[in-house]
Amino acid sequence: MLLNPDSLKPIYMQIAEWLELEILRGSIASDEKIYSQYQLAEMFNINPATAAKGLSMLVEENLLYKKRGLGMFVAPQAKERIRTKRINESLQQLVLEVVAEAGRLHVPREELVRMIEMAEQSFAEGE
Amino acid sequence: MICIESESLAKSFGKFKAVNNLSFSIEENKITGLVGRNGAGKTTLLKLLAGYLLPSSGEVRVFGQTPFNNLHVAANLIFIDDQLELPDNLNLGETLAAIGQFYANWRAELARGLLDYFSLQPQQYYANLSKGMKSSLKMIIGIAARCPLTIFDEPTVGMDVAVRKDFYRALLKDFMQYPRTIIFSSHLLSEIEELLDDLLLIKAGEKYLHLPLDELKGYAVGFTGQASIINKMITPEQILYQRQLGKDSIYLVARNTFNQEILQQARLQGVEISPVATDDLSIYLTAQHKGGIDNVFSRT
(Lines give C-alpha, C1' and ligand atoms only; values in the text may rest on other atoms or scores of the structure.)
Protein backbone atom coordinates (compact mmCIF):
# COMPACT_ATOMS: atom_id res chain seq x y z
CA MET A 1 0.00 0.00 0.00
CA LEU A 2 1.14 3.51 -0.65
CA LEU A 3 0.21 6.45 1.48
CA ASN A 4 -2.33 8.80 0.05
CA PRO A 5 -0.82 12.28 0.10
CA ASP A 6 -4.18 13.80 -0.85
CA SER A 7 -5.97 12.46 2.19
CA LEU A 8 -7.13 14.92 4.85
CA LYS A 9 -5.71 12.48 7.35
CA PRO A 10 -2.24 13.09 8.68
CA ILE A 11 0.32 10.45 7.77
CA TYR A 12 0.50 9.05 11.30
CA MET A 13 -3.24 8.33 11.17
CA GLN A 14 -2.86 6.61 7.82
CA ILE A 15 -0.15 4.49 9.37
CA ALA A 16 -2.40 3.63 12.32
CA GLU A 17 -5.18 2.65 9.92
CA TRP A 18 -2.86 0.51 7.87
CA LEU A 19 -1.77 -1.30 11.03
CA GLU A 20 -5.40 -1.80 11.98
CA LEU A 21 -6.02 -3.39 8.58
CA GLU A 22 -3.05 -5.70 9.08
CA ILE A 23 -4.53 -6.83 12.39
CA LEU A 24 -8.01 -7.10 10.89
CA ARG A 25 -6.74 -9.27 8.04
CA GLY A 26 -5.10 -11.50 10.62
CA SER A 27 -1.57 -11.04 9.35
CA ILE A 28 -0.50 -10.11 12.87
CA ALA A 29 -2.28 -12.03 15.60
CA SER A 30 -2.94 -11.12 19.23
CA ASP A 31 0.18 -11.08 21.40
CA GLU A 32 2.33 -11.06 18.30
CA LYS A 33 4.95 -8.34 17.84
CA ILE A 34 4.00 -5.48 15.52
CA TYR A 35 6.37 -3.53 13.28
CA SER A 36 8.78 -1.14 14.96
CA GLN A 37 8.81 2.57 14.17
CA TYR A 38 11.99 2.08 12.14
CA GLN A 39 10.51 -0.76 10.11
CA LEU A 40 7.48 1.38 9.34
CA ALA A 41 9.69 4.37 8.43
CA GLU A 42 11.59 2.13 6.01
CA MET A 43 8.46 0.61 4.52
CA PHE A 44 6.63 3.85 3.91
CA ASN A 45 9.60 6.18 3.51
CA ILE A 46 8.47 8.42 6.32
CA ASN A 47 10.03 10.17 9.26
CA PRO A 48 10.44 7.66 12.14
CA ALA A 49 8.81 10.10 14.58
CA THR A 50 5.67 10.05 12.41
CA ALA A 51 5.67 6.26 12.46
CA ALA A 52 6.05 6.31 16.25
CA LYS A 53 3.05 8.60 16.51
CA GLY A 54 0.94 6.14 14.53
CA LEU A 55 1.97 3.34 16.88
CA SER A 56 1.29 5.33 20.02
CA MET A 57 -2.15 6.18 18.72
CA LEU A 58 -2.96 2.48 18.79
CA VAL A 59 -1.38 2.12 22.24
CA GLU A 60 -3.67 4.87 23.53
CA GLU A 61 -6.65 2.97 22.17
CA ASN A 62 -5.33 -0.14 23.91
CA LEU A 63 -5.06 -1.99 20.63
CA LEU A 64 -1.33 -2.43 21.19
CA TYR A 65 0.64 -2.86 24.37
CA LYS A 66 4.28 -2.23 25.18
CA LYS A 67 6.69 -4.75 26.59
CA ARG A 68 9.65 -3.05 28.09
CA GLY A 69 12.72 -3.57 25.91
CA LEU A 70 10.90 -5.89 23.53
CA GLY A 71 8.68 -3.58 21.53
CA MET A 72 4.95 -3.40 20.92
CA PHE A 73 2.48 -6.23 20.69
CA VAL A 74 -1.08 -6.66 19.49
CA ALA A 75 -3.55 -6.62 22.38
CA PRO A 76 -5.93 -9.52 22.98
CA GLN A 77 -9.27 -8.93 21.23
CA ALA A 78 -7.72 -6.13 19.18
CA LYS A 79 -9.17 -7.60 16.00
CA GLU A 80 -12.73 -7.68 17.31
CA ARG A 81 -12.46 -4.17 18.75
CA ILE A 82 -11.12 -2.75 15.50
CA ARG A 83 -14.04 -4.33 13.69
CA THR A 84 -16.58 -2.77 16.02
CA LYS A 85 -14.87 0.60 15.83
CA ARG A 86 -14.80 0.58 12.04
CA ILE A 87 -18.46 -0.37 11.82
CA ASN A 88 -19.44 2.44 14.15
CA GLU A 89 -17.24 5.02 12.51
CA SER A 90 -16.27 4.55 8.87
CA LEU A 91 -19.00 2.21 7.69
CA GLN A 92 -21.81 4.29 9.18
CA GLN A 93 -20.31 7.40 7.65
CA LEU A 94 -20.16 5.76 4.24
CA VAL A 95 -23.77 4.62 4.53
CA LEU A 96 -24.83 8.13 5.46
CA GLU A 97 -23.13 9.53 2.38
CA VAL A 98 -24.70 6.88 0.16
CA VAL A 99 -28.14 7.71 1.53
CA ALA A 100 -27.56 11.45 1.07
CA GLU A 101 -26.43 10.99 -2.54
CA ALA A 102 -29.40 8.71 -3.23
CA GLY A 103 -31.67 11.42 -1.85
CA ARG A 104 -30.15 14.08 -4.10
CA LEU A 105 -30.62 11.80 -7.11
CA HIS A 106 -34.17 10.78 -6.05
CA VAL A 107 -33.27 7.12 -6.01
CA PRO A 108 -35.98 5.23 -4.10
CA ARG A 109 -35.08 2.93 -1.26
CA GLU A 110 -35.88 -0.33 -3.09
CA GLU A 111 -33.63 0.68 -5.95
CA LEU A 112 -30.82 1.46 -3.49
CA VAL A 113 -31.19 -1.94 -1.81
CA ARG A 114 -31.14 -3.58 -5.24
CA MET A 115 -27.92 -1.75 -6.03
CA ILE A 116 -26.36 -2.97 -2.80
CA GLU A 117 -27.33 -6.53 -3.64
CA MET A 118 -25.76 -6.19 -7.07
CA ALA A 119 -22.61 -4.77 -5.56
CA GLU A 120 -22.47 -7.73 -3.16
CA GLN A 121 -22.70 -10.08 -6.11
CA SER A 122 -19.89 -8.50 -8.10
CA PHE A 123 -17.77 -8.32 -4.95
CA ALA A 124 -18.32 -12.06 -4.34
CA GLU A 125 -17.35 -12.80 -7.94
CA GLY A 126 -14.24 -10.70 -7.63
CA GLU A 127 -13.05 -12.44 -4.49
CA MET B 1 17.69 19.92 23.44
CA ILE B 2 17.49 23.05 21.31
CA CYS B 3 19.85 23.17 18.35
CA ILE B 4 18.94 26.54 16.85
CA GLU B 5 17.43 29.56 18.51
CA SER B 6 16.70 32.86 16.89
CA GLU B 7 15.36 35.97 18.55
CA SER B 8 14.04 38.96 16.55
CA LEU B 9 16.60 38.10 13.88
CA ALA B 10 16.90 40.60 11.00
CA LYS B 11 19.13 41.11 8.02
CA SER B 12 18.92 44.05 5.66
CA PHE B 13 20.67 44.66 2.38
CA GLY B 14 20.47 48.43 1.94
CA LYS B 15 16.83 49.29 2.45
CA PHE B 16 15.62 45.78 1.66
CA LYS B 17 14.81 43.66 4.67
CA ALA B 18 15.57 40.11 3.58
CA VAL B 19 14.92 38.65 7.03
CA ASN B 20 12.76 40.56 9.45
CA ASN B 21 11.99 39.98 13.11
CA LEU B 22 12.31 36.21 12.92
CA SER B 23 12.03 34.28 16.19
CA PHE B 24 11.92 30.51 16.29
CA SER B 25 13.71 27.52 17.70
CA ILE B 26 14.54 24.16 16.21
CA GLU B 27 15.00 21.08 18.33
CA GLU B 28 17.92 18.76 18.01
CA ASN B 29 17.66 15.71 15.73
CA LYS B 30 14.61 16.84 13.81
CA ILE B 31 14.16 17.30 10.10
CA THR B 32 12.71 20.72 9.35
CA GLY B 33 11.50 21.82 5.93
CA LEU B 34 11.99 25.49 5.09
CA VAL B 35 9.56 26.80 2.51
CA GLY B 36 8.68 30.19 1.11
CA ARG B 37 8.33 31.92 -2.23
CA ASN B 38 11.23 33.16 -4.30
CA GLY B 39 12.79 36.08 -2.44
CA ALA B 40 11.10 35.23 0.87
CA GLY B 41 14.45 35.17 2.64
CA LYS B 42 15.15 31.44 2.89
CA THR B 43 18.74 31.53 1.73
CA THR B 44 19.54 34.63 3.80
CA LEU B 45 18.16 32.90 6.87
CA LEU B 46 20.20 29.77 6.22
CA LYS B 47 23.35 31.82 5.72
CA LEU B 48 22.72 33.58 9.03
CA LEU B 49 22.41 30.19 10.72
CA ALA B 50 25.58 28.96 9.06
CA GLY B 51 27.50 32.04 10.17
CA TYR B 52 28.13 33.26 6.63
CA LEU B 53 26.34 36.53 7.36
CA LEU B 54 26.25 38.81 10.36
CA PRO B 55 22.73 39.75 11.51
CA SER B 56 21.71 43.41 11.17
CA SER B 57 19.90 43.08 14.48
CA GLY B 58 18.53 40.40 16.77
CA GLU B 59 20.29 37.24 17.73
CA VAL B 60 20.82 33.72 16.50
CA ARG B 61 22.41 30.85 18.41
CA VAL B 62 23.48 27.50 17.04
CA PHE B 63 24.52 24.86 19.61
CA GLY B 64 24.13 27.71 22.11
CA GLN B 65 26.71 29.91 20.40
CA THR B 66 26.77 32.78 17.94
CA PRO B 67 27.60 31.19 14.58
CA PHE B 68 29.42 34.13 12.95
CA ASN B 69 33.19 33.58 12.97
CA ASN B 70 32.77 30.59 15.27
CA LEU B 71 35.01 27.58 14.85
CA HIS B 72 32.88 25.23 16.96
CA VAL B 73 29.79 25.94 14.89
CA ALA B 74 31.71 25.74 11.60
CA ALA B 75 33.19 22.36 12.52
CA ASN B 76 29.79 20.89 13.36
CA LEU B 77 27.79 22.23 10.48
CA ILE B 78 27.64 21.68 6.75
CA PHE B 79 25.86 23.97 4.34
CA ILE B 80 25.05 22.55 0.93
CA ASP B 81 23.82 24.91 -1.77
CA ASP B 82 24.42 25.38 -5.47
CA GLN B 83 27.05 28.03 -4.90
CA LEU B 84 29.29 25.53 -3.16
CA GLU B 85 32.52 25.52 -5.15
CA LEU B 86 34.57 22.38 -5.54
CA PRO B 87 38.13 22.25 -6.84
CA ASP B 88 38.77 21.78 -10.56
CA ASN B 89 42.22 20.27 -10.18
CA LEU B 90 41.16 17.26 -8.08
CA ASN B 91 39.08 14.37 -9.37
CA LEU B 92 35.96 13.33 -7.48
CA GLY B 93 37.73 10.63 -5.48
CA GLU B 94 40.40 13.07 -4.35
CA THR B 95 37.81 15.76 -3.68
CA LEU B 96 35.85 13.51 -1.35
CA ALA B 97 39.02 12.40 0.43
CA ALA B 98 40.02 16.05 0.94
CA ILE B 99 36.59 17.08 2.20
CA GLY B 100 36.44 14.09 4.52
CA GLN B 101 39.40 15.43 6.47
CA PHE B 102 37.35 18.40 7.63
CA TYR B 103 34.49 16.44 9.14
CA ALA B 104 34.88 14.31 12.24
CA ASN B 105 32.00 11.95 11.41
CA TRP B 106 32.77 11.58 7.69
CA ARG B 107 31.66 8.22 6.27
CA ALA B 108 34.07 7.45 3.43
CA GLU B 109 32.44 4.11 2.50
CA LEU B 110 29.00 5.65 2.35
CA ALA B 111 30.31 8.44 0.09
CA ARG B 112 31.95 5.86 -2.19
CA GLY B 113 28.84 3.70 -2.22
CA LEU B 114 26.58 6.62 -3.13
CA LEU B 115 29.04 7.84 -5.77
CA ASP B 116 28.92 4.42 -7.37
CA TYR B 117 25.14 4.12 -7.10
CA PHE B 118 24.61 7.47 -8.82
CA SER B 119 27.03 6.49 -11.62
CA LEU B 120 29.72 9.01 -10.75
CA GLN B 121 33.29 7.85 -11.35
CA PRO B 122 36.04 8.77 -8.87
CA GLN B 123 38.23 9.68 -11.88
CA GLN B 124 35.78 12.28 -13.19
CA TYR B 125 36.22 16.00 -12.68
CA TYR B 126 33.61 18.25 -11.13
CA ALA B 127 33.74 20.83 -13.90
CA ASN B 128 32.69 18.21 -16.47
CA LEU B 129 29.58 17.03 -14.61
CA SER B 130 26.04 17.88 -15.67
CA LYS B 131 23.91 20.12 -13.47
CA GLY B 132 22.02 17.22 -11.94
CA MET B 133 25.21 15.28 -11.30
CA LYS B 134 26.80 18.27 -9.61
CA SER B 135 23.79 18.42 -7.31
CA SER B 136 24.10 14.68 -6.68
CA LEU B 137 27.73 15.03 -5.67
CA LYS B 138 26.92 17.84 -3.23
CA MET B 139 24.08 15.88 -1.73
CA ILE B 140 26.45 12.91 -1.26
CA ILE B 141 28.85 15.23 0.58
CA GLY B 142 26.00 16.57 2.72
CA ILE B 143 24.88 13.08 3.75
CA ALA B 144 28.33 11.51 4.23
CA ALA B 145 29.55 14.41 6.40
CA ARG B 146 27.05 13.42 9.13
CA CYS B 147 27.27 16.88 10.67
CA PRO B 148 25.21 17.52 13.80
CA LEU B 149 23.62 20.38 11.84
CA THR B 150 23.13 19.67 8.16
CA ILE B 151 21.65 22.40 5.99
CA PHE B 152 20.48 21.77 2.44
CA ASP B 153 19.45 24.80 0.43
CA GLU B 154 17.59 23.61 -2.67
CA PRO B 155 19.85 20.59 -2.99
CA THR B 156 17.94 18.81 -5.73
CA VAL B 157 18.17 21.46 -8.46
CA GLY B 158 18.63 19.76 -11.82
CA MET B 159 18.12 16.21 -10.52
CA ASP B 160 15.52 14.09 -12.23
CA VAL B 161 12.65 12.79 -10.17
CA ALA B 162 14.06 9.25 -9.79
CA VAL B 163 17.36 10.58 -8.46
CA ARG B 164 15.55 12.94 -6.08
CA LYS B 165 13.51 10.08 -4.65
CA ASP B 166 16.62 7.96 -4.16
CA PHE B 167 18.26 10.82 -2.32
CA TYR B 168 15.29 11.40 -0.02
CA ARG B 169 15.42 7.73 0.88
CA ALA B 170 19.20 7.77 1.35
CA LEU B 171 18.86 10.78 3.63
CA LEU B 172 16.12 9.12 5.66
CA LYS B 173 18.03 5.86 6.03
CA ASP B 174 21.19 7.57 7.13
CA PHE B 175 19.20 9.83 9.47
CA MET B 176 17.76 6.74 11.18
CA GLN B 177 21.23 5.29 11.67
CA TYR B 178 22.68 8.56 12.78
CA PRO B 179 20.08 11.13 13.86
CA ARG B 180 21.04 14.77 13.43
CA THR B 181 19.42 18.15 12.94
CA ILE B 182 18.58 18.70 9.30
CA ILE B 183 17.15 21.77 7.59
CA PHE B 184 15.96 21.26 4.07
CA SER B 185 14.78 24.13 1.92
CA SER B 186 12.84 23.12 -1.15
CA HIS B 187 10.15 24.25 -3.52
CA LEU B 188 8.97 20.67 -3.82
CA LEU B 189 7.14 20.40 -0.52
CA SER B 190 4.96 17.51 -1.64
CA GLU B 191 8.06 15.45 -2.37
CA ILE B 192 9.73 15.95 0.98
CA GLU B 193 6.79 16.32 3.34
CA GLU B 194 6.84 12.70 4.47
CA LEU B 195 10.43 13.03 5.62
CA LEU B 196 9.80 16.07 7.77
CA ASP B 197 9.10 16.51 11.44
CA ASP B 198 8.37 20.21 11.21
CA LEU B 199 7.71 22.88 8.66
CA LEU B 200 8.92 26.48 8.83
CA LEU B 201 7.16 28.71 6.35
CA ILE B 202 8.43 32.23 5.82
CA LYS B 203 6.84 35.07 3.94
CA ALA B 204 8.57 38.37 3.10
CA GLY B 205 11.36 37.64 5.57
CA GLU B 206 8.99 36.92 8.45
CA LYS B 207 7.88 33.72 10.07
CA TYR B 208 4.44 32.77 8.89
CA LEU B 209 4.02 29.27 10.24
CA HIS B 210 6.13 26.88 12.24
CA LEU B 211 4.37 23.64 13.06
CA PRO B 212 4.64 19.87 13.06
CA LEU B 213 3.87 18.57 9.61
CA ASP B 214 0.92 16.49 10.87
CA GLU B 215 -0.88 19.68 11.75
CA LEU B 216 -0.43 21.11 8.28
CA LYS B 217 -2.69 18.41 6.82
CA GLY B 218 -5.64 19.54 8.86
CA TYR B 219 -4.75 23.23 8.70
CA ALA B 220 -7.12 23.97 5.84
CA VAL B 221 -9.99 22.35 3.95
CA GLY B 222 -11.35 22.87 0.47
CA PHE B 223 -15.06 23.34 -0.27
CA THR B 224 -16.68 22.99 -3.67
CA GLY B 225 -20.33 23.80 -4.13
CA GLN B 226 -22.98 26.49 -4.00
CA ALA B 227 -21.58 29.82 -2.89
CA SER B 228 -24.66 30.62 -0.78
CA ILE B 229 -24.29 27.48 1.36
CA ILE B 230 -20.51 27.71 1.72
CA ASN B 231 -20.45 31.40 2.60
CA LYS B 232 -22.85 30.79 5.46
CA MET B 233 -20.35 28.48 7.15
CA ILE B 234 -17.30 30.63 6.78
CA THR B 235 -16.08 33.93 8.15
CA PRO B 236 -14.04 36.13 5.77
CA GLU B 237 -10.92 35.88 7.95
CA GLN B 238 -10.81 32.12 7.44
CA ILE B 239 -10.62 32.33 3.65
CA LEU B 240 -7.23 31.49 2.20
CA TYR B 241 -8.18 31.14 -1.42
CA GLN B 242 -11.29 31.42 -3.52
CA ARG B 243 -12.19 30.79 -7.12
CA GLN B 244 -15.46 31.08 -9.01
CA LEU B 245 -16.69 27.92 -10.71
CA GLY B 246 -19.62 28.20 -13.07
CA LYS B 247 -22.56 30.45 -12.25
CA ASP B 248 -23.07 30.18 -8.52
CA SER B 249 -20.50 27.64 -7.44
CA ILE B 250 -17.15 28.29 -5.84
CA TYR B 251 -14.05 26.48 -4.78
CA LEU B 252 -12.92 27.91 -1.49
CA VAL B 253 -10.04 27.04 0.81
CA ALA B 254 -10.51 27.99 4.43
CA ARG B 255 -8.60 27.71 7.65
CA ASN B 256 -9.93 24.57 9.30
CA THR B 257 -11.75 25.40 12.51
CA PHE B 258 -14.69 23.17 11.73
CA ASN B 259 -15.83 20.22 13.77
CA GLN B 260 -16.94 16.99 12.17
CA GLU B 261 -20.64 17.80 12.51
CA ILE B 262 -20.41 21.03 10.55
CA LEU B 263 -18.44 19.34 7.80
CA GLN B 264 -20.92 16.49 7.80
CA GLN B 265 -23.85 18.88 7.46
CA ALA B 266 -22.18 20.66 4.56
CA ARG B 267 -21.59 17.34 2.88
CA LEU B 268 -25.21 16.40 3.26
CA GLN B 269 -26.18 19.70 1.65
CA GLY B 270 -24.16 18.72 -1.40
CA VAL B 271 -20.97 20.59 -0.67
CA GLU B 272 -17.92 18.59 -1.57
CA ILE B 273 -15.18 18.71 1.02
CA SER B 274 -11.65 17.97 -0.03
CA PRO B 275 -8.21 18.01 1.49
CA VAL B 276 -5.82 20.66 0.24
CA ALA B 277 -2.53 19.34 -1.11
CA THR B 278 0.38 20.68 0.92
CA ASP B 279 1.96 22.23 -2.18
CA ASP B 280 -1.20 24.17 -2.96
CA LEU B 281 -1.66 25.12 0.66
CA SER B 282 1.81 26.57 0.89
CA ILE B 283 1.08 28.62 -2.25
CA TYR B 284 -2.15 29.98 -0.77
CA LEU B 285 -0.52 30.74 2.56
CA THR B 286 2.34 32.64 1.00
CA ALA B 287 0.31 34.43 -1.66
CA GLN B 288 0.11 38.21 -1.67
CA HIS B 289 -3.37 38.24 -3.19
CA LYS B 290 -6.27 35.96 -2.37
CA GLY B 291 -7.41 35.60 -5.95
CA GLY B 292 -3.98 34.62 -7.27
CA ILE B 293 -3.00 35.26 -10.89
CA ASP B 294 -6.66 35.56 -11.92
CA ASN B 295 -6.78 38.97 -10.26
CA VAL B 296 -4.42 40.42 -12.84
CA PHE B 297 -6.70 39.39 -15.65
CA SER B 298 -10.02 40.33 -14.07
CA ARG B 299 -8.91 43.98 -13.89
CA THR B 300 -8.66 44.33 -17.66
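Remember, predicted model here, so these are calculated numbers, not experimental data.

Chemist: Before we go on, may I ask you to explain the overall build of chain A in this structure?
Modeler: When helices and strands are tallied, chain A shows 5 helices and 2 strands. Each helix and strand of chain A, ordered N terminal to C terminal, gives the series α-α-α-β-β-α-α. For chain A, the C-alpha radius of gyration of 18 Å lies well beyond 14 Å, the compact-globule estimate for 127 residues. Here chain A holds 127 residues, and the buried ones make up 22% of them. Taking as baseline every contact in chain A between residues at least 6 positions apart, the subset at least 24 positions apart corresponds to 52%.

Chemist: What's the story with the nonpolar core in this structure? I'm lost.
Modeler: Generally speaking, nonpolar side chains in soluble globular proteins are found buried as a group. Counting 70 residues, the largest nonpolar core has Leu49(B), Val62(B), Leu77(B), Ile140(B) and Ile151(B) as its most contacted members. Once you skip the residues sitting within four places of it in the chain, Val62(B) turns out to touch Cys3(B), Ile4(B), Leu49(B), Pro67(B), Val73(B), Leu77(B) and Leu149(B). Among the nonpolar cores identified, the runner-up in size contains 20 residues, and Ile11(A), Ile46(A), Ala51(A) and Ala78(A) belong to it.

Chemist: What's the story with unusual backbone geometry in this structure? I'm lost.
Modeler: Of all residues except glycine, most have a negative phi; of all peptide bonds, most are trans. Residue and element names in this part refer to chain B. Its identity as a non-glycine residue notwithstanding, Asn-29 has a phi of 60 degrees, on the positive side. Classification of Asn-29 by C-beta neighbours within 10 Å gives partly exposed; the count is 15. Unusually for a residue other than glycine, Arg-146 sits at a positive phi of about 45 degrees.

Each value, and the rule that gives it
Residues numbered from 1 in each chain as written. Chains lettered and ligands numbered in written order. Predicted model: local features only at pLDDT ≥ 70, side-chain atom pairs only at ≥ 80, totals over all residues. Helix = DSSP H or I, 4+ residues; strand = E, 2+ residues; numbered from the N terminus. Rg over C-alpha atoms; globule rule 2.2 N^0.38 Å. Buried ≥ 20, exposed ≤ 12 C-beta atoms within 10 Å, placed from the backbone. Contact = placed C-beta atoms within 7 Å. Core = buried A, V, L, I, M, F, W, Y, C linked by C-beta atoms within 7 Å.

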